[in-house]
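# Per-entry structural report
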Amino acid sequence: MRIPGMEEEGLVSVSREHLVFAYYVTGHGFGHATRVVEVVRHLVGAGHDVHVVTGAPEFVFTTEIQSPNLHIRKVLLDCGAVQADALTVDRLASLEKYHQTAVVPRASILATEVEWLNSIKADLVVSDVVPVACRAAADAGIRSVCVTNFSWDFIYSEYVMAAGYHHRYVVWQIAEDYSHCEFLLRLPGYCPMPAFRDVIDVPLVVRRLHKSRAEVRKELGISEDVKVLIFNFGGQPAGWILKQEWLPDGWLCLVCGASENQELPPNFVKLAKDVYTPDVIAASDCMLGKIGYGTVSEALAYKLPFVFVRRDYFNEEPFLRNMLENYQGGVEMIRRDLLTGHWKPYLERALTLKPSYDGQINGGETVARILQDTAVGKKHASDKLSGVRRLRDAIVLGYQLQRVAGRDVGVPDWYSLSEKEIGLRAKTPTADTTESPFLSESCVEDFEVLEGDTQGLSDTVAFLKSLSGLAASGDPQSPEKRQLRERSAASALFNWEDEIYVARAPGRLDVMGGIADYSGSLVLQMPIREACHVAVQRNHPSRHKLWKHAQARHLNKGHDPIPVLQIVSFGSELSNRAPTFDMDILDLMEGEKPISYEKANKYFSQDPSQKWAAYVAGTILVLMTELGVRFTDSISILVSSAVPEGKGVSSSASVEVATMSAIAAAHGLNIEPRKLALLCQKVENHIVGAPCGVMDQMTSACGEANKLLAMVCQPAEVKELVTIPTHIRFWGLDSGIRHSVGGTDYGSVRVGTYMGRKIIKSQASTMVSESTTNLNNIVQADSFNSDEYEGHAIELLKSEASLEYLCNLKPHRYEGVYAKDLPESTTGEEFLKKYGNHNDKVTTVDPKRLYSVKAPTRHPIYENFRVEAFESLLTAAKTDEQLSALGELMYQCHYSYSACGLGSDGTDRLVNLVQEMQHRKSSHDGTSSLFGAKITGGGSGGSVCVIGRNCIRSNEEILEIQQRYKAATGYLPILFEGSSPGAGKFGYLKIRRKPSASN
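Quick notes on the rules
- Residues numbered from 1 in each chain as written.
- Predicted model: local features only at pLDDT ≥ 70, side-chain atom pairs only at ≥ 80, totals over all residues.
- Heavy atoms only, no water.
- Helix = DSSP H or I, 4+ residues; strand = E, 2+ residues; numbered from the N terminus.
- Buried < 20%, exposed > 50% of the residue type's maximum accessible area, 1.4 Å probe, protein only.
- Contact = heavy atoms within 4.5 Å.
- Areas by Shrake-Rupley, 256 points an atom, 1.4 Å probe, with all protein chains shown as cover.
- Pairing = 2+ DSSP bridges.
- Axes fitted to C-alpha atoms, helices over the stretch in contact; angles between N-to-C directions.
- Parallel < 35°, antiparallel > 145°, perpendicular 65-115°, else oblique.
- Left-handed = near helix turned anticlockwise from the far one by under 90°.
- Nonpolar A, V, L, I, M, F, W, Y, C, P; charged D, E, K, R; others polar.
- Core = buried A, V, L, I, M, F, W, Y, C linked by side-chain atoms within 4.5 Å.
- Right-handed = clockwise from strand over helix to strand, strands pointing away.
- Disulfide = S-S within 2.5 Å.
- Arc of directions from axis to C-beta.
- Polar contact = N/O pair within 3.5 Å; in protein donor to acceptor, adjacent residues only side chain to side chain.

Further remarks concern the overall build of the protein. Along the backbone of the protein there are 34 helices and 32 strands. When each of the 999 residues of the protein is scored for burial, the buried share is 61%. Within the protein, contacts between residues at least 6 apart in sequence are counted, and of these 73% link residues at least 24 apart. Counting every atom, the protein has about 38,300 Å² of accessible surface; 51% of that belongs to carbon and sulfur.

Written as structure tokens, this is what we have:
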């Protein structure tokens, strides 16, 4: 019988020349070292000397290769990704450690490596995938080749966005180092790698088998009728105790990497530290672990079902996961179930898989042959589409530099769909509002609308079509076999013959007001065309279709059916967040009362890949807590949003408002739009933990198409809906720089604003006390308005001493009385010592942090004045002076943001381009068509709002700005134009699949 991986190999032929290879191995995990072993084995077998530069233990190499031609040099020249535990990468620590490991000593590293390479007379440098090795080879005059499925510039690109732009140089330096490499030998399951000039694709590099399944089981004393699970995490979370009941009856678990003092139950067996893992993998029935190249490649090669748990913030994972699932080899386990021992349904599901990888697994031999040929001077044909490939990869890397894991799609569908390793796949759902992402036009009739109206909205019609497609694909006779997991989960989410409730909520464009909302300002907001749709169905727990792991959880608890929440989120497959989430609704209760918001925040923060669920499930807890609603039925929720994330157009608010609207409709709750918006703000402030104001939710809930919502945020009073004059138009342009309300800049500015308010109130209180004995001092304190104090000075100061909203302080009072005593900045420690508390419920003061105070305090006071003027000007005469004045107010707002520290290079560039257009008078009539622009929302990236004349030329100039921005940055801004109704105006749809559609 032939055993996969044990066939007689076509070893690399012995070369006439004795060659010397320097093989550098990255310091990240054992996976790179184990695949290097397979390549080195062939090179040594061909009679060559190989010097391996690595931080991995020697036994990884010497167990497989015993030869005097193998030389191990223990040097660590990079650090990979620093892991907080087996499943979580510490992004900031990774960048800082790389800085200390490879950047600070860079000059000495290069000098040392050049000298060493020359001393061993290396013929070729091979890197997997140490950046500085390529540069050292170039400096030594030696050719270099990389062998990998990912590169560190791609992995670190996301970390830069999360940890701060001051680390961006790390990405550029790594890419520059890689550019010295002659070509890349690219392994299956690869990421975009634009730094490499040429590419040669090679098969999987997989370690060969030494023993058969029967031989391994015999040595371990395991009979063939026992189901064997190999537990392969490359290290375990500290203090984790494995329990006997976690395995189904008749199963045995072989544990890799267990510590010497770890005690295991009788059905768990500790493997030796130097065990040859491929043999054990091939002798097992299933593997449980985290995704990495080593685990995925060996699972595919030896057709072993792989139950995997996501790692946080490791960008290699989505590509390997897609490959694993495409070949029917993977089952995702929710981290919560991993840690609590609910393994049974996943293991049972894994046994039903039939892994189908049919590619070659002789990559070690192929790579060794190419390396040998290259070392003797032979040139290998490069990728004929190299230029196209590099451009494509560079674009994807650009996407990556804008993303934050768990919250946005960082890999366009055309990338993964084009890769030959993945093969044919279902088309990825998109946010297109003009056509269905799933199905043909004829499917819309599958549902009848029992209540509500689509209002002619093309995106709503497309969403209903997508539901029809899901209902059809849920049919067991459906011809489509392979589906994205999110689509597969969604098709089984609802009982299609029962009623489903659909709500819609748009994003918003911040025209004026922005961050002054939490200081009580008047704001002007426009609901945009892009929106989020949410479908909700409630079912009695006994009729609810549970996912298998949820069934197992309930069986384990041994109780009758209880209400369950199940959520599917479209758009997750190509980013590293889980597409599904489920929980028992009782988990939101503590006895007879709902759990606290603080506990809920901790609950949803446990697993970053599922933290997105807080925006959806949080609405249920808020309805429980604030309105006393009790949910006795199970709830199924499907979320599909076309509002792009991280662009400053309130994607989170649209999800919250649409979700709560749909849940309210399904449960017969009549919540007026303003109240619903305030409830949704509690979701974001307290459960998600983002310190936003209320204008986002108010616009999404209360807005109307082609009107500006004028709202006084004290706390949320709709003043009026201002019709946008027909000669005026607003656009949104995305800078491509990630915006996050939860970011540190936004939060620190908010803290500084509340510090300023506290200082002003303290000053006013002091002056009130002094006024009782010396009124003359107070008169002198305001020389600009001394007459005001004669009759009302004390009352005015008393009102300012109890100031609730900064925007109620007039600019002249701020300048005349308080500005001179406000500090430019202060440390948290100094402020707390002097004032005790800043009195903001959604932020905390960090004693060690330096906060800007004066600029954040001044901004909302003047912004409120600017917004009031802007609203008045909208109804003024239709003149160029009107448009110029409106634009000037927007420019002033923009620069005030920058003074607070909330600007960005991208948004400044866009505003400058608008100014250039404005002052570049038309050669036709000498007038402008664009008049102003400003950064929007929370700032620090995101989008800008542009005001202009509603005419053809203004549209042409907007398109020109897009192209000029792309030419300068490589990023084509997303354009937001058009408007749509808010959730309150839309209402809801109650739909049901037509009986004929299911026959």
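From this point, the discussion proceeds with the structure in view.
All right, on to the sheet that holds strand E7 (residues 144–148) then. The strand order across the open sheet built from 7 strands is E3-E2-E1-E6-E7-E8-E9, with neighbouring strands paired in parallel fashion. Of all the strands in the sheet, the pair left with one neighbour each is strand E3 (70–74) and strand E9 (199–201). The mean angle between the axes of side-by-side strands here comes to 20°, regardless of whether they run parallel or antiparallel. Summarising the sheet, E7 and strand E8 (residues 183–186) pair through 4 bridges and their orientation is parallel. Counted as the bridge partner of Thr148 is Arg186 from E8. The strands that helix H14 (residues 363–375) touches are strand E1 (20–25), strand E6 (124–128), E7, E8 and E9; relative to E8, the one it contacts most, it runs at about 165°.

At a minimum axis separation of 10 Å, helix H30 (residues 854–874) and helix H31 (residues 880–900) run at an interaxial angle of 165°. Classified by the angle their axes make, H30 and H31 are roughly antiparallel. The crossing of H30 and H31 is left-handed. Counting all contacts with H30, which are made through Ala855, Pro856, His859, Glu863, Arg866, Ala869, Phe870, Leu873 and Leu874, the residues of H31 involved are Gln882, Ala885, Leu886, Leu889, Met890, Gln892, Cys893, Ser896, Tyr897, Ala899 and Cys900. Across the contact of H30 with H31, the residue classes break down as 14 nonpolar, 4 polar and 2 charged.

Within the largest apolar cluster, 63 residues are counted, with the highest numbers of intra-cluster contacts made by Leu565, Ile567, Phe581, Phe604, Phe631 and Ile637. Per element, the largest residue contribution to this core is 10 residues, and it comes from helix H21 (residues 613–627). Setting aside its immediate chain neighbours within four residues, Phe604 contacts Phe581, Met583, Lys611, Ala613, Ala614, Ala617 and Ile687. In this structure, Val50, Val202, Val206 and Leu324 belong to the second largest nonpolar core, which totals 62 residues.

What you see with strand E14 (residues 306–309) is no split at all: Phe306 and Phe308 on one side and Val307 and Val309 on the other are buried throughout. Pairing geometry for strand E13 (residues 286–290) and E14, over 4 bridges, is parallel. Residue pairing in the sheet places Gly289 in a bridge with Phe308 of E14. For the crossover from E13 across helix H10 (residues 293–301) to E14, the handedness is right-handed. Of the pairings in the sheet, the one linking E14 to strand E15 (residues 330–332) comprises 3 bridges and is parallel in character. Opposite Phe306, over in E15, you have Gly330 as the bridge partner. This β-α-β element, E14 to helix H11 (residues 317–326) to E15, shows right-handed connectivity.

Judged by pairing direction, the sheet is parallel, and its 6 strands sit side by side in the order E12-E11-E10-E13-E14-E15 without closing on themselves. The sheet is open, and its two edges are formed by strand E12 (268–270) and E15, each paired on a single side. Strand-to-strand twist in this sheet, taken as the mean axis angle between neighbours without regard to direction, amounts to 25°. Packing against the sheet, H11 makes contact with E14 and E15, and its axis sits at approximately 155° to E14.

Our focus in this paragraph is the state of the cysteines. Here the structure, examined in full by the defined rule, presents 0 disulfides. No disulfide involves Cys807; its sulfur sits 8.3 Å from that of Cys713, the nearest cysteine.

Buried within helix H20 (residues 597–605) we find Tyr597, Ala600, Tyr603 and Phe604. Down the axis of H20, the smallest arc covering the buried residues is 115°, so these residues share one side. In H20, the exposed positions angled more than 90 degrees off the buried face are occupied by Glu598 and Lys602. Next to the buried residues of H20 lie helix H12 (335–340), strand E20 (580–584), H21 and helix H23 (673–688).

Moving on, we get to the pairing of strand E32 (residues 989–993). Counting buried positions along E32 yields 4 of 5 residues, so the element is predominantly enclosed. Here strand E16 (residues 447–451) runs beside E32; their pairing, made up of 4 bridges, is antiparallel. Bridged to Glu448 within E32 is Arg992. Here strand E17 (residues 500–512) runs beside E32; their pairing, made up of 3 bridges, is antiparallel. Bridge assignment links Val502 to a residue of E32, and that residue is Leu989.

The next point concerns unusual backbone geometry. Working note: non-glycine residues mostly have negative phi, and peptide bonds are mostly trans. Residue Val129 is reached from Asp128 by a cis peptide bond, and omega for that bond is -15°. Mapped onto the secondary structure, Val129 falls in the loop between E6 and helix H5 (131–140). The omega torsion across Gln714 and Pro715 is -5°, close enough to zero to call that bond cis. Inspection of the secondary structure puts Pro715 in the loop between strand E24 (707–712) and strand E25 (717–723). The phi angle at Lys303 is positive, at roughly 50°, despite the residue not being glycine. When you line up the elements, Lys303 lands in the loop between H10 and E14.

Let us now look at the side chain of Ser943. Relative to the helices and strands, Ser943 is located in strand E30 (residues 943–949). Separated by 2.6 Å, the side chain of Ser943 and the backbone oxygen of Lys647 make a polar contact. Among all residues touching Ser943, those that are not within four sequence positions of it are Lys647, Val649, Leu733, Asp734, Ser735, Thr907, Lys934, Ile935, Thr936 and Phe976.

As far as function goes, none of this settles anything; it's purely spatial.
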